Amino acid sequence: MSAQSPAATAPAAGPAGIGPLHSHARRRAERRAETRRTRGLLLGRSRAARVLALLILALFAASWLLPLLWALDTSFKSEVQAQSLPLQWLPDGGFTLENYRTVFERGEVFTWMWNTLLVAALVTVLTVIICALAGYAFSRTVFKGRRVLFAATIALIMVPGQILIVPLFKEMDVLNAVDTFAGVILPQTIAPMMVYIFKQYFDQVPQEIEDAARVDGAGNWRLFWNVILPTSRPIVTAVAIFVFIGAWNNFMWPFIITNNPDLMTLPVGLSTVKNAYGTIYAQTMASAMIAALPLTILFMPFQRQIIKAVAPRAWAGSEAAVGPDGLAGPGGSAGPVGSAVPSVPR
């Protein structure tokens, strides 16, 4: 029996033989190509235009980062150094962690952080479910009074939230929900803007996908959960992140509805520490950094999902669909349907 040649025992080349390292490298190459295509559409093909646009963006980024860096720098100074003139980035006596130690010692920071996480998570889940269902009803179903209800939803977007504080408080008082987690969470789950965003996104889902599901016997409920919602994953992720950030930073409503320190959220609890010991600038900056840190950690892994949901999906299209001048190339158009809805495997 003849020995097999090395070529016969080698694994077959092709997609099935690609190892995890090759797959990872391929995904990185695809992301780099997508970034180059997006940059070309945003900044143009001219080198001078790209340089000018990048300089302007760098200027805006620096103007946005400077206050944050100053707040971070101040949080590591002593109170005397924070109020001394002229202002200095590097204090003479060096940096200190005393402000952070004081905030943790004088307040129930971990309890407030857990309360904030619980409230923000429940508000996010309920808001996404309620608003997605409402957006689907306005987009894909026909019922009596649909136009009137949608017009009322749009009108609610223009109503300032401060006007609703007294009616909401009276409603929570009637429901015996004052100074409870339910009273903090429930009024924050109604978001007309998110209903409008979901409705506009669902309008772009091709009708053929829905028709194919109905032929297979899917009703409205199954169609929503198994077809429409999975194809809308980018917008669901973006809405969830925006709602979570809003609920985490919300100060006014939790401040009004809660009196028990064990139910306070992080913004409310940190404000009581500041008010109880006077206006202390360095300690205030330390409190702000503590409140912002979890959101920063949350945002970093999901920033690509936000960009994919907010930016037009046509930016990630193929070179065949987009010409070198940034317009739709031959063989297709960069319409809203093809650019906003991911394909559904059949």
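The following paragraphs examine the structure supplied in this document. (Residues numbered from 1 in each chain as written. Predicted model: local features only at pLDDT ≥ 70, side-chain atom pairs only at ≥ 80, totals over all residues. Heavy atoms only, no water.)

Details of a nonpolar patch on the surface
- A cluster of nonpolar side chains, Trp 64, Leu 65, Leu 66, Leu 68, Leu 69, Leu 72, Trp 89, Leu 90 and Phe 95, forms an exposed patch at the surface whose accessible area comes to about 940 Å².
- Inspection of the secondary structure assignment puts Leu 65 in helix α3 (residues 47-75). (Patch = residues over 30% accessible without salt bridge, like charges linked within 9 Å, V, L, I, M, F, W, Y side chains within 5 Å. Areas by Shrake-Rupley, 256 points an atom, 1.4 Å probe, with all protein chains shown as cover. Salt bridge = Lys/Arg side-chain N within 4 Å of Asp/Glu carboxyl O. Helix = DSSP H or I, 4+ residues; strand = E, 2+ residues; numbered from the N terminus.)

A look at the pattern of salt bridges
- Counted according to the given criterion, the structure contains 5 salt bridges.
- Lys 77 is paired through a salt bridge with Asp 73; the nearest N and O atoms lie 3.0 Å apart.
- Asp 203 is the salt-bridge partner of Lys 199, the closest N and O atoms lying 2.9 Å from each other. Pair noted here: Lys 199 and Asp 203 are both in helix α10 (residues 192-203), with a separation of 4 residues, about one helical turn.
- The class for Asp 203 is partly exposed, based on a relative accessible area of 33%.
- Each of Arg 140, Glu 210 and Arg 214 takes part in one network of salt bridges that share partners. (Buried < 20%, exposed > 50% of the residue type's maximum accessible area, 1.4 Å probe, protein only.)

Concerning unusual backbone geometry
- The backbone of Asn 176 sits at a positive phi, close to 55 degrees, despite the residue not being glycine.
- One non-glycine residue, Asp 179, lies in the positive phi region at around 60 degrees.
- Tracing the chain through its elements places Asp 179 in the loop between α8 (165-174) and α9 (181-185).
- Looking at Asp 179, the relative accessible area reads 25%, which means it is partly exposed.

What to know about a positive patch on the surface
- Taken together, the side chains of Arg 26, Arg 27, Arg 28, Arg 31 and Arg 32 make up a positively charged region of the molecular surface.
- Checked against the element boundaries, Arg 32 lands in helix α2 (residues 20-43).
- Its relative accessible area of 44% is what places Arg 32 among the partly exposed residues. (Lys, Arg positive; Asp, Glu negative; His and termini not counted. Charge placed at Lys NZ, Arg CZ, Asp CG, Glu CD.)

Side note on the packing of helix α12 (residues 220-231) against helix α13 (residues 233-249)
- For the pair α12 and α13, the least separation of the axes is 5 Å and the interaxial angle reads 75 degrees. What the angle tells us is that α12 and α13 run roughly perpendicular. Every residue of α13 that contacts α12 at Leu 229, Pro 230 and Thr 231 is listed here: Arg 233, Pro 234 and Val 236.
- Broken down by class, the residue content of the contact of α12 with α13 amounts to 4 nonpolar, 1 polar and 1 charged. (Axes fitted to C-alpha atoms, helices over the stretch in contact; angles between N-to-C directions. Parallel < 35°, antiparallel > 145°, perpendicular 65-115°, else oblique. Contact = heavy atoms within 4.5 Å. Nonpolar A, V, L, I, M, F, W, Y, C, P; charged D, E, K, R; others polar.)

Some words on the packing of aromatic side chains
- Counted by the stated rule, this structure contains 13 aromatic pairs.
- Among the aromatic residues, ring-to-ring pairing joins Tyr 136, Phe 198, Phe 202, Trp 221, Phe 224 and Trp 225 into one connected group.
- Across from the ring centre of Phe 150, 4.9 Å away, lies the NZ or CZ of Lys 199, which sits over that ring. (Phe/Tyr/Trp six-rings, centres within 6.5 Å; stacked < 30°, edge-to-face > 60°. Lys NZ or Arg CZ within 6 Å of the ring centre and 35° of its normal.)

Observations regarding the environment of Ala 121
- Relative to the helices and strands, Ala 121 is located in helix α6 (residues 109-140).
- Between the C-alpha atom of Ala 121 and that of Ile 185, which follows or precedes it by 64 residues, the distance is 9.7 Å.

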